[in-house]
Amino acid sequence: MAIHIKSADEISLMREAAQILVEAHDLVAAHIKEGITTKELDSIAEEFIKSKDAYPSFLNYHGYPGSACISINDEVVHGIPGKRKLQEGDIVSVDLGVYYKGYHSDAARTYPVGTVDAAKLDLIRVTKESFFEGLKYAKPGNHLSDISSAIQRHAEAHGYGVVRDLVGHGIGKQLHEEPQVPNYKTPGRGPKLQKGMVLAIEPMINMGTWQVRVLEDDWTFVTRDGSVSAHYENTVVITDDIPEILTIGK
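The notes below deal with the structure included here.

About the cut-offs
Sequence order as written defines the numbering, with residues in each chain counted from 1. Residue-level local features of this predicted model are given only where pLDDT is at least 70; pairs of side-chain atoms are given and counted only at 80 or more, and the full residue set underlies all totals for whole chains, interfaces and linings. To obtain the side-chain values, all non-hydrogen atoms of the structure were used and water was disregarded. Helix and strand assignments come from DSSP, with helices taken as H or I runs of at least 4 residues and strands as E runs of at least 2, each series counted from the N terminus. Throughout, the radius of gyration refers to the C-alpha atoms, and the reference size of a globule is 2.2 Å times the residue count to the power 0.38. Working definition: with a 1.4 Å probe on protein chains only, accessible area under 20% of the residue-type maximum means buried, over 50% means exposed, and in between means partly exposed. Throughout, a contact is declared for two residues whenever any of their heavy atoms are within 4.5 Å. A 1.4 Å probe and the Shrake-Rupley method give the accessible areas. Residues count as covered only by the protein chains that appear here. As used throughout, the charge tally considers Lys and Arg to be positive and Asp and Glu to be negative, leaving His and the chain termini uncounted. Where a charge sits is defined by one atom per residue type, namely NZ (Lys), CZ (Arg), CG (Asp) or CD (Glu). At least two bridges found by DSSP between two strands is the condition for calling them paired. To get an axis, fit a line to the C-alpha atoms, keeping to the stretch in contact for a helix; angles then go from 0 to 180 degrees between the N-to-C directions. Put plainly, a pocket is an open set of points on a 1 Å grid over the protein atoms alone with protein on both sides within 12 Å along at least five of seven lines, a cavity is a set where a 1.4 Å probe fits but cannot get out, and a lining residue has an atom within 4 Å of a point. Grid points are joined across faces, edges and corners, and a volume is the space filled by probe spheres set on the points. For this classification, Asp, Glu, Lys and Arg are treated as charged, while Ala, Val, Leu, Ile, Met, Phe, Trp, Tyr, Cys and Pro are nonpolar and the rest, including Gly, are polar. Take the far helix as your reference; a near helix turned counterclockwise from it by less than a right angle gives a left-handed crossing, and one turned clockwise gives a right-handed crossing.

Moving on, we come to the overall build of the protein chain. Looking only at helices and strands, the protein chain has four helices and 15 strands in total. For the protein chain, whose C-alpha radius of gyration is 17 Å, the value lies close to the compact-globule estimate of 18 Å for 250 residues. The 250 residues of the protein chain split such that 54% are buried. The contacts of the protein chain with a sequence gap of at least 6 include a subset with a gap of at least 24, amounting to 70%. By element, 50% of the accessible surface of the protein chain is carried by carbon and sulfur atoms, the whole surface being about 10,800 Å². Of the side-chain charges in the protein chain, 26 are positive and 35 negative, and the distance between the mean point of each set is 3 Å.

Below, the structure is given as structure tokens:
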């Protein structure tokens, strides 16, 4: 499949979807505390998104039963919301998407629950840093794998495992478009970046090895060694120069 280059009008619509997503994340973050269930967080996100005449991108996507992916500790991504309660010392990744006026936005954050040990806080910090290391290469003329390689270098320099089974992606009219955006690769490979590409760049970083497995629910990915994992994602537009992050508040 071809990579769809977005027009200025399309990017403007994606900004609108992204603004709703930023507000949804802020609302969910304000409710993250010990004792709240993942289903309660999911409902908060869903109700807010629908109140904006938008739709949660993940709800019923290939049969996914929630509006948010909420993944705790060793859960990497695609944790299904349910009765599980957050506990003091957990870290929780919240991945949300918004579909609005025909276009998607996608972003993920990992949050500490109450007082969290320093090792987990370091993982959250380095995962976010890895995104921004990759972003330095998100410019026209660079190769897609230059982003991927920079993410991998930064995470592995801190002794972490970079998930290989799951990747970022293009985004627009479809939630998942070409190209795939791995978080590991040799630089100088893959398509050259062009103005108007829109990418969901999303490091998924484990405190242990990079290996993961899927639970019996056929959705939730967990670390194979039981170590904790963090996730950080934004929807990014390739411009003439400095990339534009759509899913970060002003």
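With that out of the way, let us pick up the sheet that holds strand E11 (residues 212-214). One open sheet accounts for three strands, arranged E3-E12-E11; its pairing is antiparallel. For this open sheet the edge positions go to strand E3 (75-77) and E11, each flanked by a neighbour on one side alone. Taking each pair of neighbouring strands and ignoring which way they run, the sheet shows an average axis angle of 40°. Inspection of the sheet shows E3 paired to strand E12 (residues 221-223) by two bridges, in the antiparallel sense. Within the sheet, the bridge partner assigned to Glu75 lies in E12 and is Val222.

The volume enclosed by the largest pocket comes to roughly 500 Å³. Contributing to the lining of the largest pocket are 24 residues, with Tyr61, His78, Val167, His169 and His176 lying nearest its centre. Among the residues making up the lining of the largest pocket, the classes are represented as 11 nonpolar, seven polar and six charged.

Our next topic: the sheet that holds strand E13 (residues 229-231). The strand order across the open sheet built from three strands is E6-E10-E13, with neighbouring strands paired in antiparallel fashion. The open sheet terminates on both sides in strands that have one partner only, identified here as strand E6 (161-162) and E13. Against the sheet, helix H3 (residues 118-135) makes contact with strand E10 (204-206) and E13, and its axis sits at roughly 35° relative to E13, the strand it touches most.

When two helices pack together, their arrangement is captured by the angle between the axes and the distance separating the axes. Following both chains from N to C, one finds H3 and helix H4 (residues 144-157) inclined at 150°, their axes separated by 7 Å at the closest point. As for the relative orientation of H3 and H4, their crossing is right-handed in sense. In contact with Val126, Glu129, Ser130, Glu133 and Gly134 of H3, H4 contributes Ile147, Ala150, Ile151, His154 and Ala155. Here the residues of the contact of H3 with H4 sort into five nonpolar, three polar and two charged.

Before going further, it helps to spend a moment on unusual backbone geometry. Here the bond from Glu178 into Pro179 is cis, since omega is 5°, no more than 30 degrees from zero. In this structure, Pro179 sits in strand E8 (residues 177-181). The phi dihedral of His62 falls on the positive side, at around 50°, and the residue is not glycine. Positionally, His62 belongs in the loop between strand E1 (55-56) and strand E2 (68-72). Phi is positive for Asp218, which is not a glycine, with a value near 70°. Tracing the backbone through its elements, the reader meets Asp218 in the loop between E11 and E12. Owing to a relative accessible area of 64%, Asp218 belongs among the exposed residues under this scheme.

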